[in-house]
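The residues making up each chain are set out below.
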Amino acid sequence: DTGVSQDPRHKITKRGQNVTFRCDPISEHNRLYWYRQTLGQGPEFLTYFQNEAQLEKSRLLSDRFSAERPKGSFSTLEIQRTEQGDSAMYLCASSSGANVYEQYFGPGTRLTVT
Amino acid sequence: AQKITQTQPGMFVQEKEAVTLDCTYDTSDQSYGLFWYKQPSSGEMIFLIYQGSYDEQNATEGRYSLNFQKARKSANLVISASQLGDSAMYFCAMRETSRSNDYKLSFGAGTTVTVRA
């Protein structure tokens, strides 16, 4: 039984570069979420997919951010023209239709923008 | 407005003792869910316990119990018989269910628990 996986686990990039993160949810889960967590804070919701449809986007998700889930399986989160304020842990979670109460989180991708 | 408030930034507890982590929430929804997650230093968020707003009994999962006081809008987590492995950050979270497709969680700022031998 594999849980939610995220790749890469760590990413260091220079300001202005583009980065892309990948999330593979638990295979039977049709809902996928992205959260951002800055140091010393709780996660903040970014966006949510049900199958391939992106149903909600937070105001935190500026135009530089885009997320996709093309086939309703894995998802990617891209940040264009990174800024130092983008440095954070990016968490992915998934849940199934049968049990919407429990979101299973991946290990996260820690982004450092220098 | 802050939906989840955790007022204890850090707590120390002696091994084998119980510890209570405070959480208050703010919502106008009648239907909502409250969650507690544990985040060890490795970073992964681990689901601990869930309480639905209509559940009449407090939720329990092993050594974890949720003290749900609806009128006070509080959902405190009690960890009994603390173990060294309980040292971690603990987050309270809420899902408001008035919108059927809205499953996102709102998290508090967290409480760091350090268990002393």
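You'll find the structure just up there.
Residues numbered from 1 in each chain as written. Chains lettered and ligands numbered in written order. Predicted model: local features only at pLDDT ≥ 70, side-chain atom pairs only at ≥ 80, totals over all residues. Heavy atoms only, no water.

Enquirer: How should I be thinking about the nonpolar core in this particular structure?
Expert: One broad trend across soluble globular proteins is that nonpolar side chains are buried collectively. If you look at the biggest cluster of nonpolar residues, it comprises 25 residues, and the most contacted ones within it are Leu 21, Tyr 25, Trp 36, Ile 49, Leu 77 and Tyr 90 of chain B. Contributions of two or more residues to this core are made by β2 (10-14), β3 (19-21), β5 (32-39), β6 (46-52), β8 (64-69), β9 (74-79), β10 (88-96) and β12 (111-116) of chain B. When residues of this core are assigned to their parent elements, the largest contribution, 4 residues, is made by β10 of chain B. Among the nonpolar cores identified, the runner-up in size contains 19 residues, and Ile 26, Phe 49, Ala 67 and Ile 79 of chain A belong to it. (Core = buried A, V, L, I, M, F, W, Y, C linked by side-chain atoms within 4.5 Å. Buried < 20%, exposed > 50% of the residue type's maximum accessible area, 1.4 Å probe, protein only. Helix = DSSP H or I, 4+ residues; strand = E, 2+ residues; numbered from the N terminus.)

Enquirer: Honestly, the sheet that holds strand β7 (residues 65-68) of chain A in this entry has me stumped. Any pointers?
Expert: Whenever strands of a sheet pair, they do so through backbone hydrogen bonds, lying parallel or antiparallel. All names here are of chain A. The sheet built from 4 strands is open, its strands ordered β1-β3-β8-β7 with antiparallel pairing. The open sheet has two edge strands with one neighbour each: β1 (5-7) and β7. Looking at each pair of strands side by side, their axes are set apart by 15° on average, direction ignored. Across 5 bridges, the pairing between strand β3 (residues 19-24) and strand β8 (residues 75-79) is antiparallel. For Thr 20, the partnering residue across the bridge sits in β8 and is Glu 78. (Pairing = 2+ DSSP bridges. Axes fitted to C-alpha atoms, helices over the stretch in contact; angles between N-to-C directions.)

Enquirer: What exactly am I supposed to notice about the state of the cysteines here?
Expert: Two cysteines joined by a covalent bond between their sulfur atoms form a disulfide. What the rule picks out here adds up to 2 disulfides over all chains. Residue pairing for Cys 23 of chain A: its cysteine sulfur links by disulfide to Cys 92 of chain A, the two sulfurs lying 1.8 Å apart. The sign of the S-S torsion, about -65°, decides the handedness of the disulfide formed by Cys 23 of chain A and Cys 92 of chain A: left-handed. Taken together, the residues Cys 23 of chain A in strand β3 and Cys 92 of chain A in strand β9 (residues 88-95) connect sequence positions 69 residues apart. Comparing Cys 23 of chain A with Cys 92 of chain A shows no difference in burial state: the two are buried. Through a disulfide, Cys 23 of chain B is tied to Cys 92 of chain B; the S-S separation comes to 2.0 Å. Across the S-S bond of Cys 23 of chain B and Cys 92 of chain B the torsion is about -65°, and the bridge reads as left-handed. Highlighted residues: Cys 23 of chain B in the loop between β3 and β4 (24-25) and Cys 92 of chain B in strand β10, separated in sequence by 69 residues. Judged by relative accessible area, Cys 23 of chain B falls into the buried class, the value being 0%. (Disulfide = S-S within 2.5 Å.)

Enquirer: Teacher, can you tell me more about the side chain of Gln 51 of chain B here?
Expert: All names here are of chain B. By secondary structure assignment, the location of Gln 51 is in strand β6. Here Gln 51 falls in the buried class, since its relative accessible area comes to 0%. Here the side chain of Gln 51 touches Gln 57 through a polar contact of 3.0 Å, landing on its backbone oxygen. For Gln 51, the residues in contact, after removing those within four places along its chain, are Tyr 32, Gly 33, Leu 34, Gln 57, Asn 58, Ala 59, Leu 66 and Phe 68. (Polar contact = N/O pair within 3.5 Å; in protein donor to acceptor, adjacent residues only side chain to side chain. Contact = heavy atoms within 4.5 Å.)

Enquirer: Can you help me understand the pattern of salt bridges in this one?
Expert: Close approach of charged atoms allows side chains of opposite charge to pair. All chains considered together, the criterion is met by 5 salt bridges over all chains. Residue Glu 56 of chain A is joined to Lys 104 of chain B by a salt bridge in which the shortest nitrogen-to-oxygen separation is 2.8 Å. With Glu 56 of chain A in strand β6 (residues 53-57) and Lys 104 of chain B in the loop between β10 and β11 (106-107), this residue pair bridges two chains. Arg 64 of chain A is the partner of Asp 86 of chain A in a salt bridge, and the nearest nitrogen-oxygen pair spans 2.8 Å. Taken as a pair, Asp 86 of chain A in the loop between β8 and β9 and Arg 64 of chain A in the loop between β6 and β7 lie far apart in primary sequence, 22 residues in all. Of the residues examined, Asp 86 of chain A reaches a relative accessible area of 3% and is grouped as buried. By sharing partners, the salt bridges in this structure join Arg 64, Glu 83 and Asp 86 of chain A into a single network. (Salt bridge = Lys/Arg side-chain N within 4 Å of Asp/Glu carboxyl O.)

Enquirer: Is there a simple way to explain the interface of chain A and chain B in this structure?
Expert: A common way to report how large an interface is uses the accessible area buried once the components associate. Contacts between chain A and chain B engage 23 residues on the former and 21 residues on the latter. Taken together, both faces of the contact between chain A and chain B bury some 1800 Å²; the carbon and sulfur share is 56%. Linking chain A to chain B there are 4 residue pairs in polar contact (both at pLDDT 80 or more). Of all elements in the fold, only β4 (31-37), β5 (44-50), β6 and β9 of chain A reach the threshold of two or more residues within the side of chain A that touches chain B. (Buried area = accessible area lost by both parts, 1.4 Å probe.)

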